[in-house]
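Residue strings, one per chain:
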Amino acid sequence: MIIATTVAEVREHVQSWKMNGLSIGLVPTMGFLHEGHASLMERATRECDRVVVSIFVNPIQFGPTEDLESYPRDFESDSALCAEKGVALVFHPEATEMYAPDFCTYVDMDRVTKTLCGASRPTHFRGVCTVVSKLINITKPDRSYFGQKDAQQLAVVRRMVRDLDMDVEIIGCPIVRETDGLAKSSRNTYLRPEERIAALVLSRALGAGRQMVAEGGRDSNEILSVMRSVIDTEPLARIDYVEIVDGVSMQPIESVNTGTLIAMAVYIGRTRLIDNFIVGE
Ligand code: PAF
């Protein structure tokens with residue numbers, strides 16, 4: 001497995017793969033890899049001749065008060081997992097390789113980025129769109145793989161690729177959960193033991209919403225009010241948002257249909273966790 005730290009090195013390998021007619025899959029990550037990332041790599045290695053995993057904690061998608069400095073990192077264990085999954089190249093650049101001191105070009109998006117996580121993290125998706133565009137330009141993938149846990153990120157990336165005519169197929173992959181229901185996330189490591197238990201309130205609230213829909217419930221306000229009341233039973237939990245939105249536009253809708261996204265961000269202590277489900281999936 002190749003470990004590349006510069007754009008030039010990645011380009012050299014990508015160019016030779018392309019010349020040999022090999023397809024390329026990109027799995028963009030911020031490292032501290034878990035089974036959710038592993039599932040993206042497994043799918044990518046099944047579908048592409050060469051898989052590139054980027055491991056880069058992207059500073060421009062963190063707000064000034066967010067956890068950039070403390071974001072967990074473990075490159076040794078990440079690269080071992082990549083090697084085990086048959087990844088061809090890990091791209092692990094320094095921030096200075098990705099962002100020149102006079103860097104001033106950003107990819108920004110209206111509407112789809114303004115609700116849900118974008119409402120509480122106003123510069124987040126500008127950072128995500130910019131880095132994902134750069135990674136796509138650097139690695140020229142045929143396909144790129146994203147987890148459904150970051151449902152809004154997936155919708156935003158799909159929209160960016162469509163709007164900017166990027167020649168890459170975006171593949172969304174299902175949420176991977178712990179056996180007790182907590183969605184896998186690098187940020188789960190922040191949770192103290194009592195918070196880890198409290199965090200199960202997210203999947204409980206989603207379960208309550210899912211059940212209402214399964215029983216024929218369609219009214220967004222009614223479903224949201226039940227879900228919020230489940231979360232309110234947990235003293236360590238504080239709601240950032242619980243919303244029901246169109247699965248493509250990310251705009252709130254009054255009535256639930258197939259493809260509707262039911263999503264939440266909840267603080268457990270100081271840790272902000274997200275989770276969601278799509279109606280009909
Ligand atoms: O989902 C993530 O880990 C990040 O937002 C991504 C897509 C790697 C961009 O930094």
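This text goes with the structure placed above it.
**A word on the pairing of strand β3 (residues 50-55)**
Point 1. Counting buried positions over the six residues of β3 gives five, a clear majority of the element.
Point 2. Bridge analysis of strand β2 (residues 24-29) against β3 gives six bridges, and the strand direction is parallel. Along β3, the bridge assignment pairs Leu-26 with Val-52.
Point 3. For the segment spanning β2, helix α2 (residues 35-47) and β3, crossover handedness is right-handed.

**As for the packing of helix α9 (residues 200-214) against helix α10 (residues 220-232)**
To characterise two packed helices, one gives the angle between the axes of the helices and the distance between these axes.
Point 1. Contact geometry for α9 and α10: axes closest at 9 Å, N-to-C directions at 155°. Between α9 and α10, the angle falls in the class roughly antiparallel. The hand of the α9/α10 crossing is right-handed. On α10, the residues touching Val-201, Arg-204, Ala-205, Leu-206, Ala-208, Gly-209, Met-212 and Val-213 of α9 are Glu-222, Ile-223, Val-226, Met-227, Val-230 and Ile-231.
Point 2. Of the residues assigned to the contact of α9 with α10, the class counts are eleven nonpolar, one polar and two charged.

**Regarding α9**
Point 1. Taking 1.5 Å as the rise per residue, α9 with 15 residues should run 21 Å; its terminal C-alpha atoms sit 21 Å apart, in good agreement.
Point 2. Taken together, the buried positions of α9 are occupied by Leu-200, Val-201, Leu-202, Ala-205, Leu-206, Ala-208, Gly-209 and Val-213.
Point 3. Looking at the packing, one finds that the buried side of α9 touches α8 (193-198), α10, β7 (237-245), β8 (261-268) and β9 (271-278).
Point 4. Once α9 finishes, Gly-216 follows within two positions and takes phi at roughly 100°, a positive value.

**Let's talk about the site of the ligand**
Point 1. As a matter of local geometry, the ligand sits amid Pro-28, Thr-29, Met-30, Asn-58, Gln-61, Val-128, Val-131, Phe-146 and Gln-153.
Point 2. Here Gln-61 contributes a side-chain N or O atom positioned 2.6 Å from an oxygen atom of the ligand.
Point 3. In this structure, an oxygen atom belonging to the ligand sits 2.7 Å away from a side-chain N or O atom of Gln-153.
Point 4. In terms of residue class, the shell around the ligand is built from five nonpolar, four polar and no charged.

Definitions and limits used
Residues numbered from 1 in each chain as written. Predicted model: local features only at pLDDT ≥ 70, side-chain atom pairs only at ≥ 80, totals over all residues. Heavy atoms only, no water. Buried < 20%, exposed > 50% of the residue type's maximum accessible area, 1.4 Å probe, protein only. Helix = DSSP H or I, 4+ residues; strand = E, 2+ residues; numbered from the N terminus. Pairing = 2+ DSSP bridges. Right-handed = clockwise from strand over helix to strand, strands pointing away. Axes fitted to C-alpha atoms, helices over the stretch in contact; angles between N-to-C directions. Parallel < 35°, antiparallel > 145°, perpendicular 65-115°, else oblique. Left-handed = near helix turned anticlockwise from the far one by under 90°. Contact = heavy atoms within 4.5 Å. Nonpolar A, V, L, I, M, F, W, Y, C, P; charged D, E, K, R; others polar. Expected span 1.5 Å × (residues − 1). Near = heavy atom within 4 Å. Polar contact = N/O pair within 3.5 Å; in protein donor to acceptor, adjacent residues only side chain to side chain.

These figures capture arrangement, not role.
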